[in-house]
Amino acid sequence: MIRSAGLFAICLSNLLFSNQSLSITTPGEINDNTFYGEWQWADTHGDSQQLQLQFSEELVNQSEVETFRISYSLTYPSQAISAYLSPRLEHAVSMINQYVDDPETRLDDILEALRSDNGSPSSKMLWDAYEQYTQDAFRHLSLLPCLHPQGAQYPCVRPNYSQLFYQNRSRVNPLIEHFQQQQDLNRSLAEVQAWLLTIPTKQENNYSFTSPVDVLKDNRADSDERALLLALVLSELAPNHPIYMVYPADSVGSASPAWLTIDASSGIEGPTIMIDEHPHTLVSGSSELIKEMLLADVQLISDALY
């Protein structure tokens, strides 16, 4: 009986153990990469507002590495996962074979062993290693597997928005602190939304994702990058209410278009939409577009960030 090697087994068959290596590092040597930014805008009362942010060289470099790693992985998912899996599986096979007495059950061809499960202890140990290392690879690359709309034979990944949310919470504390000054939740959210309008919209790109610090440094964002940036602030303004990233179920790569919603029980003012029979309050993105998709029965994913 042939056991499935998971989402990427077929796509990795020409990549694993092919003497190709991948090193994911920060793109370029940067001597002084500190960032200072300043935004000015009119708040909801028409008063002039100013926001100043400064990020250290270490934080900027850390964010650039994250952006590069995710964008590479979205563009070349099979290669990125293969680069993580190959050396670990080779080491696992070496260790397993040390304890195999029967030459016929030795693991000489890893891909062949993955394609066919003969039920031997060595085969089971290899599969256990494969499944564990695959989970580790997705976590390392900040990705989630998905089902490709053209079929399971195609690799499909998306950014792991929940993981990226937690990884970036502490990085933008000065931004969060600026918008915590208002006592009223709806007023605070309105101020954040007004500030977000000062960040230009960039063209949606399914094969790249920019981390929040890089979004601020570049001063441009597409829909899912903007939604995640808003989520980092909103989670501190309304910590007791679930926040969701919403996007079409057939999205491959960086989800597009994407909306940020919060549980309707939060009391936040805004358009209410029903997804999976659950009321969401829309806090970012076009309400007209998402209503059109719902009327057209487009399947949407409501992915809780926490």
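Before reading on, note that the structure itself is shown above.
Bear in mind the structure is a predicted one, so any value in this text is a computation, not a measurement. (Residues numbered from 1 in each chain as written. Predicted model: local features only at pLDDT ≥ 70, side-chain atom pairs only at ≥ 80, totals over all residues. Heavy atoms only, no water.)

K.L.:
Please provide a residue-by-residue account of the packing of aromatic side chains, values included.
P.N.:
Evaluation of the coordinates by the stated rule reveals 11 aromatic pairs. Plain terms: the ring middles of Trp39 and Trp195 are 5.9 Å apart, the flat faces sit at 80° to each other, and that makes the pair edge-to-face. In this pair, Trp39 sits in strand S1 (residues 35-42) while Trp195 sits in helix H8 (residues 185-196), placing the two residues 156 residues apart along the sequence. Taken individually, Trp39 and Trp195 each receive the classification buried, so the pair is uniform in this respect. Aromatic pair Trp41 and Phe179: ring centres 6.3 Å apart, planes at 35°, arrangement tilted. Highlighted residues: Trp41 in strand S1 and Phe179 in helix H7 (residues 173-179), separated in sequence by 138 residues. Assessed through its relative accessible area of 8%, Trp41 is described here as buried. Of the aromatic side chains, those joined through ring pairs into one cluster are Trp39, Trp41, Phe179 and Trp195. (Phe/Tyr/Trp six-rings, centres within 6.5 Å; stacked < 30°, edge-to-face > 60°. Helix = DSSP H or I, 4+ residues; strand = E, 2+ residues; numbered from the N terminus. Buried < 20%, exposed > 50% of the residue type's maximum accessible area, 1.4 Å probe, protein only.)

K.L.:
Can you lay out the sheet that holds strand S6 (residues 259-263) for me, pointing to particular residues and giving the numbers?
P.N.:
The strand order across the open sheet built from 5 strands is S7-S8-S6-S5-S9, with neighbouring strands paired in antiparallel fashion. On the outer flanks of this sheet lie strand S7 (272-275) and strand S9 (300-304), each paired with one strand and no other. Across the sheet, the mean angle separating the axes of adjacent strands is 40° when strand polarity is ignored. Across 5 bridges, the pairing between strand S5 (residues 243-248) and S9 is antiparallel. Its bridge partner lying in S9, Tyr244 is registered against Ala304. (Pairing = 2+ DSSP bridges. Axes fitted to C-alpha atoms, helices over the stretch in contact; angles between N-to-C directions.)

K.L.:
Account for the state of the cysteines, with residues named and values stated.
P.N.:
For the structure on display, the rule yields 1 disulfide. A sulfur-sulfur distance of 2.0 Å marks the disulfide that ties Cys146 to Cys156. Here the S-S torsion is close to -95°, and the disulfide linking Cys146 with Cys156 is therefore left-handed. Here Cys146 is found in the loop between strand S3 (143-145) and strand S4 (157-159), whereas its partner Cys156 is found in the loop between S3 and S4, with 10 residues between them in sequence. (Disulfide = S-S within 2.5 Å.)

K.L.:
So, the pairing of strand S8 (residues 278-284): which residues are in play, and what are the values?
P.N.:
Of all the 7 residues making up S8, 5 are buried; the element is thus mostly covered by neighbouring parts of the structure. As paired strands, S6 and S8 are joined by 4 bridges and run antiparallel to one another. Of the residues in S8, the one forming a bridge with Leu260 is Ser284. Direction of pairing for S7 relative to S8: antiparallel, over a ladder of 4 bridges.

K.L.:
Which residues make up the environment of His178, and what values do they have?
P.N.:
By secondary structure assignment, the location of His178 is in helix H7. Between the C-alpha atoms of His178 and Ser188, which are 10 residues apart in sequence, the distance is 9.7 Å. Here His178 is in contact with Trp41, Gln49, Gln50 and Leu51, once residues within four sequence places are set aside. (Contact = heavy atoms within 4.5 Å.)

K.L.:
Summarise the packing of helix H2 (residues 57-75) against helix H3 (residues 77-97); cite the residues concerned and give the values.
P.N.:
Where H2 contacts H3, the two axes come as close as 5 Å, and the packing angle between them is 115°. Residue-level inspection shows Tyr72, Ser73, Leu74 and Thr75 of H2 in contact with H3, the latter providing Pro77, Gln79 and Ala80. Classifying every residue of the contact of H2 with H3 by side-chain character gives 4 nonpolar, 3 polar and no charged. (Nonpolar A, V, L, I, M, F, W, Y, C, P; charged D, E, K, R; others polar.)

K.L.:
So what's going on with the nonpolar core? Residues and values would help.
P.N.:
Residues Trp39, Leu126, Leu175, Trp195, Leu216, Leu234 and Leu260 are the most contacted members of the largest nonpolar core, which totals 70 residues. Top contributing element to this core by residue count: helix H10 (residues 223-237), with 9 residues. Sequence-distant contacts of Leu175, that is, excluding residues within four places in its chain, are made with Leu51, Leu53, Trp195, Leu216, Leu229 and Val233. By size, the runner-up hydrophobic cluster in this structure holds 9 residues, among which are Ile273, Leu282, Ile290 and Met293. (Core = buried A, V, L, I, M, F, W, Y, C linked by side-chain atoms within 4.5 Å.)

K.L.:
Any chance you could break down the side chain of Asp303 for me, citing the residues and the numbers?
P.N.:
With respect to the helices and strands, Asp303 occurs in strand S9. Arg158 provides the closest opposite charge to the buried, unpaired Asp303, separated from it by 6.8 Å. Discounting residues that sit within four places of it in the chain, Asp303 has contacts with Leu144, Ile243, Tyr244, Met245 and Tyr247. (Lys, Arg positive; Asp, Glu negative; His and termini not counted. Salt bridge = Lys/Arg side-chain N within 4 Å of Asp/Glu carboxyl O.)

None of the figures reported here should be taken as evidence of function without further support.
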